[in-house]
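# Coordinate analysis (summary)
Residues per chain, in single letters:
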Amino acid sequence: MFKMLRNSAAALAVAAVVAAGAGTARAQETSIKFSLDFKFEGPSAPFLVPLDKGYYKAEKLNVTIDSASGSLEPITRVASGTYDMGFGDINSLIKFRDANPNTPIKAVFMVYNKPPFAIIGRKSRGVVKPKDLEGKKLGAPAPDGAYAQWPIFVEANGIDASKVTIENVGFPVREPMLAAGQVDAITGFSFSSFINLKEKGVAVDDITVLLMADYGVNLYGNAIIVNPKFAAEHPDAVKGFIRAYLKGLKDTITSPATAVDSVLKRNDIAKKPTELERLTMALNDNIVTAETKKDGYGGVDATRFAKAIEQIGLTYKWKSDKPKMEDIFDASYLPPAADRKF
């Protein structure tokens, strides 16, 4: 009996040591609450692949990723501290920082080297090039990130804005209204609106996608952003997150068809062909560009960024001094350029 008790006590002691070790391992992990900019769709694959492949865990990170309702929501979430990091539009961030100078939230990795802001029209409605919008009706949700760049697009393409009727429409009805011919064109993200129109039965050869970046709108797009308090307290965690994300991005670029499965696991109604096409568009139009091939992923060009600030000034009246790149983008968390090329 004594021997049995002694063995039981020894077993309990071993179990306690194992449990304590597991608790210590968990305690060494840094938790990161991350906000996407939208639903779990194709373009979110590079963030989700590291979850499924253990890349975040390898960096001693316990990452949770949530969806959002638009590219402005991650900014307010991260600024408030309810989320540690997020994926949001840097142009909205620039305006947010100007309006909230005491909230020094910054971007640390540029994902969309070219933004997906676009005008999407129908050829059967007479929309093929920017000037064709004159005399037409443009459906544009007031808080839409693409619509925010409309004044830049107008100036860059010599459009007489007084000849364009702007109709404020809701996000859910934007594509259905264009499909039904209630408007002639809409503002939106290229890879979302194009795919959604196809899903509504509009023929591909009837869809015109005017990617604003190809028509004089020289802005950057969505970036990884971080809460300043979190960054100050956990700089190594921010660097680790970026390293893990880069691995996921490389995997996604190498095999989009495999990477998109990480999206499908989290979105029961998503269809693989649809999300794969959406992901492929985002990769080809927004992420893998001549600039990222040359300089590596994640960074920004100072001269181009300064020009972007000037263009934003066409759509927004600065409340304080015009921001500089270092006010908005912190490159100190990026791996060396050589590690960001693939």
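Structure: above.
Everything in this summary refers to the structure shown in the same document.

Another point: the sheet that holds strand β7 (residues 165–167). Sheet architecture is open: five strands sit in the order β7-β6-β8-β5-β9, paired in mixed fashion. Across the chains shown, the open sheet's two edge strands, defined by having one partner strand only, are β7 and β9 (207–211). Neighbouring strand axes in the sheet, compared pairwise and without regard to direction, differ in orientation by 30° on average. Two elements, strand β6 (residues 137–139) and strand β8 (residues 185–189), share two bridges in a ladder whose sense is parallel. Within β8, the residue paired with L138 across the bridge is A185.

Turning our eyes to something else, we now look at the packing of helix α4 (residues 73–80) against helix α5 (residues 90–99). It is the contact of α4 with α5, at a shortest axis distance of 9 Å, that shows an interaxial angle of 45°. With respect to each other, α4 and α5 are oriented oblique. In this structure, α4 meets α5 at a crossing whose hand is right-handed. On α5, the residues touching I75, T76 and A79 of α4 are S92, L93 and F96. By residue class, the composition of the contact of α4 with α5 is four nonpolar, two polar and no charged.

The tally for this structure, following the rule as stated, stands at 15 aromatic pairs. Aromatic side chains Y56 and F241 sit 5.0 Å apart centroid to centroid with 20° between the ring planes, which places their arrangement in the stacked category. Highlighted residues: Y56 in helix α3 (residues 55–58) and F241 in helix α10 (residues 235–254), separated in sequence by 185 residues. Each of the two residues, Y56 as well as F241, counts as buried. Aromatic side chains F153 and Y215 sit 6.4 Å apart centroid to centroid with 70° between the ring planes, which places their arrangement in the edge-to-face category.

Here the focus is the environment of K307. With respect to the helices, strands and loops of the structure, K307 is situated in helix α15 (residues 302–312). K307 sits in the exposed class, given a relative accessible area of 54%. As a C-alpha pair, K307 and L219 span 88 residues in sequence and 8.1 Å in three-dimensional space.

So, about the sheet that holds strand β3 (residues 85–89). An order of β2-β1-β3-β10-β4 is seen for the five strands of this open sheet, with the pairing classed as mixed. Either end of the sheet is taken by a strand with one partner, and the two such strands are β2 (61–66) and β4 (106–110). Direction aside, neighbouring strands of the sheet carry axes that sit 30° apart on average. Bridge analysis of β4 against strand β10 (residues 222–226) gives four bridges, and the strand direction is antiparallel. In the sheet register, F109 faces β10, and the bridge partner there is I224. Sheet contacts for α4: β1 (30–35), β2, β3 and β10; angle to β3, the most-contacted strand, approximately 145°.

Looking now at unusual backbone geometry. At K60, a residue that is not glycine, the phi angle is positive and equals roughly 60°. Here K60 shows up in the loop between α3 and β2.

Two quantities define a packed helix pair, namely the angle between the helix axes and the distance between the axes. As a packed pair, helix α8 (residues 190–199) and helix α13 (residues 272–287) sit with axes 9 Å apart at the nearest point and diverge in direction by 150°. Both α8 and α13 take part in a crossing whose hand is right-handed. On the side of α8, the interface is formed by S190, F191, S192, F194, I195, N196, K198 and E199, while α13 contributes T274, E277, R278, M281, A282 and N286. Counted by class, the contact of α8 with α13 contains five nonpolar, five polar and four charged residues.

What counts, and at which threshold
- Residues numbered from 1 in each chain as written.
- Predicted model: local features only at pLDDT ≥ 70, side-chain atom pairs only at ≥ 80, totals over all residues.
- Heavy atoms only, no water.
- Pairing = 2+ DSSP bridges.
- Helix = DSSP H or I, 4+ residues; strand = E, 2+ residues; numbered from the N terminus.
- Axes fitted to C-alpha atoms, helices over the stretch in contact; angles between N-to-C directions.
- Parallel < 35°, antiparallel > 145°, perpendicular 65-115°, else oblique.
- Left-handed = near helix turned anticlockwise from the far one by under 90°.
- Contact = heavy atoms within 4.5 Å.
- Nonpolar A, V, L, I, M, F, W, Y, C, P; charged D, E, K, R; others polar.
- Phe/Tyr/Trp six-rings, centres within 6.5 Å; stacked < 30°, edge-to-face > 60°.
- Buried < 20%, exposed > 50% of the residue type's maximum accessible area, 1.4 Å probe, protein only.

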